[in-house]
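Secondary and tertiary structure notes
So the chains spell out like this:
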Amino acid sequence: MPKPEHKKMKTLPVKQQTFFLREAKDSRVFEMYYVKLVTGLRRGKLLGLKWEDIDLERSNLRVKRQIARVNGEVAEAPLKTKNAYRTLPLAGPSPRTVSCIRSTGCWSGRD
């Protein structure tokens, strides 16, 4: 059986990412957009993140669960493989980045 072809990941150029984040800064889901851009997490894992999974002091986040459709219902689900459980650095965690996340007023430990 032939090996499946791996498609090259397409990413937004830095200029477009900056523009997107600037436009989204007042969005209720700004933090989610930011984490998506800096980690590349897929939708299910991104939606499975909780505030407790993000460590701003160490500038990383832990991937421990996902949101998936289970028996026709959307629910929290375990990850599919043991390698899917991991800790990711927040790319380029400068004091300005940390300040940006904290300044949204949403850093209250909510789920």
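None of these values were measured; they are calculated from a predicted model.

A short note on the nonpolar core
In a soluble, globular protein the nonpolar side chains are often hidden away together inside. One finds Val35, Leu41, Leu49, Ile54, Leu61 and Val63 to be the most contacted residues of the largest nonpolar core, which totals 17 residues. Where this core is concerned, the elements lending two or more residues are helix 1 (14-24), helix 2 (30-39) and strand 2 (60-63). By residue number, the principal contributor to this core is helix 2, which donates three residues.

Thoughts on the sheet that holds strand 1 (residues 54-55)
Strand pairing in a sheet takes place through backbone hydrogen bonds and is either antiparallel or parallel in direction. Across the sheet, three strands lie side by side as 1-2-5; this open sheet has antiparallel pairing. Two strands in the sheet have a free side with no partner beyond their single neighbour: strand 1 and strand 5 (86-89). Two strands pair when backbone bridges link them, and strand 1 and strand 2 are joined in this way by two bridges, in the antiparallel orientation. By the bridge assignment, Asp55 is partnered in strand 2 with Asn60.

Concerning the environment of Tyr33
Take Tyr33: it is sitting in helix 2. Residue class for Tyr33 comes out partly exposed when judged on its relative accessible area of 31%. Residues Tyr33 and Phe20 lie 13 residues apart in sequence; the distance between their C-alpha atoms is 9.0 Å. Excluding its chain neighbours within four sequence positions, the residues that come into contact with Tyr33 are Phe20, Leu21, Ala24 and Ser27.

What to know about the side chain of Asp53
Among the secondary structure elements, Asp53 is positioned in the loop between helix 3 (43-48) and strand 1. The class of Asp53 is buried, set by a relative accessible area of 0%.

Overview of unusual backbone geometry
In the Ramachandran plot, Ser59 falls in the positive-phi region, its phi being about 55° despite a non-glycine side chain. Relative to the helices and strands, Ser59 resides in the loop between strand 1 and strand 2. Judged by relative accessible area, which is 14%, Ser59 ranks as buried. Despite not being glycine, Asn71 shows a phi value in the positive range, around 50°. Relative to the elements of secondary structure, Asn71 occurs in the loop between strand 3 (66-70) and strand 4 (73-77). On the basis of relative accessibility, which here comes to 78%, the residue Asn71 falls in the exposed class.

Procedures and definitions
- Residues numbered from 1 in each chain as written.
- Predicted model: local features only at pLDDT ≥ 70, side-chain atom pairs only at ≥ 80, totals over all residues.
- Heavy atoms only, no water.
- Core = buried A, V, L, I, M, F, W, Y, C linked by side-chain atoms within 4.5 Å.
- Buried < 20%, exposed > 50% of the residue type's maximum accessible area, 1.4 Å probe, protein only.
- Helix = DSSP H or I, 4+ residues; strand = E, 2+ residues; numbered from the N terminus.
- Pairing = 2+ DSSP bridges.
- Contact = heavy atoms within 4.5 Å.

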